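# Architecture and fold: a report
Spelled out, the chains give:
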Amino acid sequence: MPTGWRFIAARALPEVILDWDVPFTLSGNPKRDLSGPGTMTGTIEPEWARQRATDGQPVLQEWGTKIFLEDSGRIRWGGVVTKLSYDGPKVTVLCEGLSCYPHGIPYESYMISGPLITPKDPYAGKDKNHDGYIDFSKPKRKVPPAPKPYGGTRFDAYVAFRNIWNHVQSRPYGDIGMVIDAHNLGELLGAADGSDPWELAWWNNPDCGQTLDTLASTIPFDWLETHSWIGDTDEIEHRIRLGTPRLGRKREDLRFADGENVAAIAKPEGMGDDYANEVIVLGKGEGRKMRRAQAHRYEKGRLRRVATVTDKTLASPKALTVRGVQELNGRTSALVIPAIQIIDHPNARFGSWQLGDDIRVQVNVPWVGDVDVWHRIVSDEISADGLCTLTLKRSDSFHY
């Protein structure tokens, strides 16, 4: 384990430190994900695993213990123990980022953005003989047209994101301590005319975690889980950073190149059977009333290939189109470098990037030659042997 690394255990509720130096042996590398919780797995000898905290409970409990990786005073990874597996003399511990917590939690309230509002007609039932005039009016007055329906109040996508998190943390024994960024995205949910409201209703038994993921992927936007010490205390702030709509930036100041700081690359990938230059998205409805959208990006000299996507949560033309373009971006990219392994180097010191950054990857690929393509960092894993693995997606596969 690198000098300066230590694993800290805390009780989940209330969050108090139980052990400042857990004998945790990593199995693989701690992984952080863009718009995801990330994971960390390791093993612990049973003698320590049987230890009890001052509250009388075992130090290690599924959904009862938080584990943090500190590197020279900085918290590099944080999460909750979600599974313990006992195998011979060792205990395998699976930890997931705290943002995994809403998954499996039902939404038990009601929220709607852009409802269709039909005003009450003050003259309804006042023309019983159907002659077009108000009954018994003198002089006779024609019945005015009924008020037209209109779209109600809409709210920002980030308001919905925060409301769901607030709902999760407001339930008994549900406050995991997550703080959500307070700014808005500038993207209102639901149609302005009320034709396609965005609705989250308890009677549909929605899963909070799945709803958060769907919001982030269909709007779309980025979010990132972070952990940091609060001043000189032993308290930790857990935060969800929200993009506007994306996190990260184009890093002209960093360099990732063969023979310099790139130690290895994952096998490059083309699209193969997944290639498509046209996408058809099928949304809400059945038969001829089914919502539908198409997106295409034809290239001279290449045959038309079509992918069909079905998502019954989508109804508005904009949401369907966004989903189609998103799918298209992932299916028309050229050669992709899925991951690179790098060393700590002046080209790009460890910690100099953040998830969501666009980096220039310059490597030599057999049968292809020199590749110089911008990729986006979607996860990172720092290992104990001084190497870091960056998981990548081509920058041109994103449209926000």
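Definitions and limits used
Residue positions are counted from 1 within each chain, in the order its sequence is given. Local features in this predicted model are restricted to residues whose pLDDT is 70 or higher, and side-chain atom pairs enter the listing and the counts only when it is 80 or higher, whereas totals over whole chains, interfaces and linings include all residues. Excluded from the side-chain calculation are hydrogens and water; included are all heavy atoms of the structure. The secondary structure listing takes helices from DSSP runs of H or I that are at least 4 residues long and strands from runs of E that are at least 2 residues long, numbered from the N terminus. Relative accessibility thresholds used throughout: buried, under 20% of the residue-type maximum; exposed, over 50%; partly exposed, between the two (1.4 Å probe, protein chains only). Working rule for contacts: check all heavy atoms of both residues, and any pair within 4.5 Å makes them a contact. Only the protein chains shown count as cover for residues, and all accessible areas are computed by the Shrake-Rupley method using a 1.4 Å probe. Only when DSSP finds a minimum of two bridges between them are two strands counted as paired. Angles run from 0 to 180 degrees between N-to-C directions of axes, and those axes are lines fitted to C-alpha atoms, restricted for helices to the stretch in contact. Note on definitions: the grid is 1 Å and covers protein atoms alone; a cavity is a set of points where a 1.4 Å probe fits but cannot get out; a pocket is an open set with protein on both sides within 12 Å along at least five of seven lines; lining residues have an atom within 4 Å of a point. Grid points are joined across faces, edges and corners, and a volume is the space filled by probe spheres set on the points. Centres within 6.5 Å are what make two rings of Phe, Tyr or Trp a pair, Trp counting through its six-membered ring; a difference in plane orientation under 30 degrees is then read as stacked, over 60 as edge-to-face, and the rest as tilted. N or O atoms within 3.5 Å of each other form a polar contact, as long as, within protein, one can give a hydrogen and the other can take it, and as long as residues adjacent in sequence are counted only when both atoms are side-chain atoms. By definition, a salt bridge exists where a carboxyl oxygen of Asp or Glu is found within 4 Å of a side-chain nitrogen of Lys or Arg. In this scheme, a helix's expected span is set at 1.5 Å multiplied by one less than its residue total.

What the protein chain contains, in helices and strands, is four helices and 24 strands. Oriented by its inertia axes, the alpha-carbon framework of the protein chain measures out at about 95 × 65 × 40 Å. Each of the 400 residues in the protein chain was classed as buried or not, and the buried ones make up 44%. Within the protein chain, counting contacts between residues at least 6 apart in sequence, those at least 24 apart form 67% of the total. Within the structure as shown, the protein chain displays about 21000 Å² of accessible surface, and the carbon and sulfur contribution to it stands at 51%.

With that out of the way, let us pick up the pairing of strand β22 (residues 358-365). A large share of β22 lies buried, amounting to six of its eight residues. Alignment of β22 against strand β23 (residues 369-382), held across eight bridges, turns out to be antiparallel. Its bridge partner being in β23, Arg-360 is matched across the sheet by Trp-374.

Our next topic: the sheet that holds strand β12 (residues 178-180). Across the sheet, three strands lie side by side as β12-β15-β14; this open sheet has mixed pairing. Two strands close off the open sheet at either side, each with one partner strand: β12 and β14 (223-229). Each adjacent strand pair in this sheet contributes to an overall mean axis angle of 30°, direction not counted. The pairing of β12 with strand β15 (residues 236-242) spans three bridges and is classified as parallel. In the sheet register, Ile-180 faces β15, and the bridge partner there is Ile-240.

Before going further, it helps to spend a moment on the side chain of Asp-357. The residue Asp-357 is located in the loop between β21 (339-343) and β22 in this model. Sequence-distant contacts of Asp-357, that is, excluding residues within four places in its chain, are made with Arg-246, Gly-248, Arg-249, Arg-251, His-375, Arg-376 and Ile-377.

By volume, the largest pocket amounts to about 860 Å³. If you trace the largest pocket, you find 29 residues lining it, with Trp-198, Glu-199, Thr-214, Thr-313 and Leu-314 closest to the centre. If you list the elements that add at least two residues to the lining of the largest pocket, you get β13 (198-201), α3 (208-218) and α4 (317-332). In terms of residue count, the dominant contributor to the lining of the largest pocket is α3 (five residues).

Inspection of every chain in the model, using the stated rule, returns ten aromatic pairs. Pairing Tyr-158 with Phe-221 gives two aromatic rings, centres 4.8 Å apart and planes at 85°, and the pair type is edge-to-face. Linking Tyr-158 in helix α2 (residues 157-170) with Phe-221 in the loop between α3 and β14, this pair joins segments that are 63 residues apart in sequence. Exposure remark for Tyr-158: the relative accessible area of 0% places this residue in the buried category. Note on Phe-221: relative accessible area 1%, which makes it buried.

Examined against the element boundaries, Asn-277 turns out to sit in the loop between β17 (262-265) and β18 (278-282). On the basis of relative accessibility, which here comes to 0%, the residue Asn-277 falls in the buried class. At 2.8 Å, the side chain of Asn-277 forms a polar contact with the backbone nitrogen of Arg-305.

The subject of this paragraph is the pattern of salt bridges. Inspection of every chain in the model, using the stated rule, returns 20 salt bridges. As a salt-bridge pair, Asp-131 and Lys-140 come within 3.6 Å of each other at their nearest N and O atoms. Overall, Asp-131 belongs to the partly exposed group, its relative accessible area being 33%. In this structure, Lys-312 and Glu-286 form a salt bridge, with 3.9 Å as the shortest nitrogen-oxygen distance. Taken together, the residues span a long stretch of sequence, with Lys-312 in the loop between β20 (306-310) and α4 and Glu-286 in the loop between β18 and β19 (292-296) at a distance of 26 residues. Lys-312 sits in the partly exposed class, given a relative accessible area of 35%.

Here the focus is unusual backbone geometry. Between Leu-13 and the following residue, Pro-14, the backbone shows a cis peptide bond with an omega angle of -15°. Structurally, Pro-14 is set in the loop between β1 (5-11) and β2 (17-19). Non-glycine residue Trp-63 carries a positive phi angle of around 60°. Within the element layout of this structure, Trp-63 appears in the loop between α1 (46-49) and β6 (65-71).

Okay, the sheet that holds β19 next. Backbone-to-backbone hydrogen bonds pair the strands of a sheet. The strands run either parallel or antiparallel. One open sheet accounts for three strands, arranged β19-β18-β20; its pairing is mixed. In this open sheet, the two edge strands, each paired with only one partner strand, are β19 and β20. Each neighbouring strand pair of the sheet contributes to a mean axis angle of 15°, computed without reference to strand direction. As judged from the five bridges shared by β18 and β19, these two strands associate in the antiparallel manner. Paired with Val-281 across the two strands is Ala-293, which belongs to β19.

A word on α3. Every buried residue belonging to α3 is among Cys-208, Gly-209, Thr-211, Leu-212, Leu-215, Ala-216 and Thr-218, and all of these are buried. In this structure Asp-207 caps α3, since a side-chain oxygen of it lies 2.9 Å from the backbone nitrogen of Gly-209.

Here α2 is 14 residues long and its end C-alpha atoms lie 20 Å apart, about the 20 Å a rise of 1.5 Å per residue gives. α2 sits mainly inside the fold: ten of its 14 residues count as buried. Along α2, the residues that are buried comprise Ala-157, Tyr-158, Ala-160, Phe-161, Arg-162, Ile-164, Trp-165, His-167, Val-168 and Gln-169. You can read the cap of α2 off the contacts: a side-chain oxygen lies 2.9 Å from the backbone nitrogen of Tyr-158, and it is on Asp-156.

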